[in-house]
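Residue strings, one per chain:
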Amino acid sequence: MKSRRPWIVGVSGASGTPYAAAVLRGLLAAGESVDLVVSRASRLTLLDETGISFRDAHWREDLATWLARGADGKPGTFGVTASDLADVRYWAAGDLAAGPSSGSYPAKGMLVVPASTAAVAGVALGLSKDLLQRVASVTLKERRPLVVAVRETPLTGQTLKHMVTLDEAGAVVLPASPAFYAGATHIQDLVDFVAGRVLDAARVPHRLYRRWEGELGAALRAD
């Protein structure tokens, strides 16, 4: 039997829950297994940005509702049902005995999206205050890929120092900065660009945005 080796997705309390949703959809579309950690703070952000209450006891139902919602807040934009999440595992943020808290747990790596400055600081300092920070620390010590999609502006000097620390530890620090050369015409296009760059850093194939091919004006002529 093929051993299950998931990507672990950590969702922190920063604004930008549509980024996390797009990354999760991209991983599932690529046939990847996913382990999900949703911080306590991110539940408040998710409720504020989408109106969705993320509940431990009903996480699969709530996740399907979240992933089906477009970046503009429109429900049912994407065809996602609970059955599509068969290879997703959810771990509560307070469960420090969860599988991914150990380096012996098989995983491909971790994507923290969006990453708040508090999460950045916690991982950089090795605090392991919750499961998200603990798994990120484990990912670094095991020399697995760690992508940290920072969502904050402006950045203080202390946060910049923490980002340098993460870079020196081997993480990919990826600010959630949308680009416009791919011909964005909708908020979802901008979200998908950032999500696509996160997946690029993890070397997960996707078709979330049109890549630059060296042709000026191509975005304006896109269908």
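Everything in this summary refers to the structure shown in the same document. Each chain carries its own residue numbering, running from 1 in the written order of its sequence. Per-residue local features of the predicted model are confined to residues with pLDDT of at least 70, and side-chain atom pairs are confined, for both listing and counting, to 80 or more; whole-chain, interface and lining totals are unaffected and use all residues. To get the side-chain values, take all heavy atoms of the structure and skip hydrogens and water.

Concerning the overall build of the protein chain
Secondary structure elements are defined from DSSP: runs of H or I of at least 4 residues count as helices, runs of E of at least 2 residues count as strands, and each element is numbered from the N terminus. Assigned secondary structure in the protein chain consists of seven helices and six strands. Across the protein chain, helices and strands are ordered from the amino to the carboxyl terminus as β-α-β-α-α-β-β-α-α-β-α-β-α. Radius of gyration: over C-alpha atoms. The globule rule applied is 2.2 Å multiplied by the number of residues raised to the 0.38 power. Taking 223 residues into account, the globule formula puts the C-alpha radius of gyration at 17 Å, and the protein chain, at 17 Å, falls close to it. In the protein chain, buried positions account for 50% of the 223 residues. In this description, contact between two residues means that some pair of their heavy atoms is separated by no more than 4.5 Å. Across the protein chain, every contact between residues at least 6 apart in sequence was considered, and the portion connecting residues at least 24 apart equals 70%. Per element, the accessible surface of the protein chain, about 11,000 Å² overall, is 53% carbon and sulfur. Under the convention used here, Asp and Glu are negative, Lys and Arg are positive, and both His and the chain ends fall outside the count. One atom stands in for each charge, and that atom is NZ of Lys, CZ of Arg, CG of Asp or CD of Glu. If the 25 positive side-chain charges of the protein chain are averaged to one point and the 22 negative ones to another, these points end up 5 Å apart. Each residue's exposure class comes from its accessible area (1.4 Å probe, protein chains only) as a fraction of the maximum for that residue type: buried when under 20%, exposed when over 50%, partly exposed otherwise. Residue-level accessible areas treat just the shown protein chains as cover; the underlying method is Shrake-Rupley with a 1.4 Å probe.

Regarding the nonpolar core
What tends to happen in soluble globular proteins is that the nonpolar side chains get buried as a cluster. Grouping buried Ala, Val, Leu, Ile, Met, Phe, Trp, Tyr and Cys residues that are joined through side-chain atoms within 4.5 Å yields what is termed a nonpolar core. Formed by 40 residues in total, the largest nonpolar core has its most connected members in Leu 27, Leu 36, Leu 63, Trp 66 and Leu 111. Of all the secondary structure elements, the ones that give two or more residues to this core are strand E1 (7-11), helix H1 (17-29), strand E2 (34-38), helix H3 (59-68), strand E3 (88-92), strand E4 (109-115), strand E5 (146-150) and helix H7 (187-201). Ranked by residues supplied to this core, first place goes to H1 with seven residues. By size, the runner-up hydrophobic cluster in this structure holds 24 residues, among which are Val 112, Ala 119, Ala 136 and Ala 171.

A few points about the pattern of salt bridges
The rule for a salt bridge is simple: a side-chain nitrogen of Lys or Arg has to be within 4 Å of a carboxyl oxygen of Asp or Glu. Evaluated as defined, the whole model comprises nine salt bridges. For Arg 4, the salt bridge is made with Asp 87, and the minimal N-O distance between the two is 2.9 Å. Here Arg 4, found in the segment before E1, pairs with Asp 87, found in the loop between H3 and E3; they are 83 residues apart in sequence, far enough to count as distant. Taking relative accessible area as the criterion, Asp 87 reaches 33% and is therefore assigned partly exposed. Residues joined by salt bridges that share partners form a network here, namely Arg 4, Asp 35 and Asp 87.

Regarding the packing of aromatic side chains
Here the aromatic set is Phe, Tyr and Trp, taking the six-membered ring for Trp, and pairing holds for ring centres within 6.5 Å; pairs whose planes are under 30 degrees apart are stacked, those over 60 apart are edge-to-face, and all others are tilted. Here the structure, examined in full by the defined rule, presents six aromatic pairs. Their ring planes at 25° and their centres at 5.6 Å tell us that Trp 59 and Tyr 90 sit as a pair that is stacked. Remark: Tyr 90 occurs in strand E3 and Trp 59 occurs in helix H3; sequence separation between them is 31 residues. Assigned by exposure class, Trp 59 and Tyr 90 land together as buried. Ring centres of Tyr 181 and Trp 212 lie 6.1 Å apart, and the angle between their planes is 75°; on these two criteria the pair is classed as edge-to-face. Residue Tyr 181 is found in the loop between strand E6 (172-173) and H7, and its partner Trp 212 is found in the segment after H7; the two are separated by 31 residues along the sequence. The exposure class of Tyr 181 is partly exposed, given its relative accessible area of 37%. Trp 212 gets classed as partly exposed once you look at its relative accessible area, which sits at 48%. Cluster of aromatic residues (ring-pair linked, three or more members): Tyr 181, Phe 193, Tyr 209 and Trp 212.

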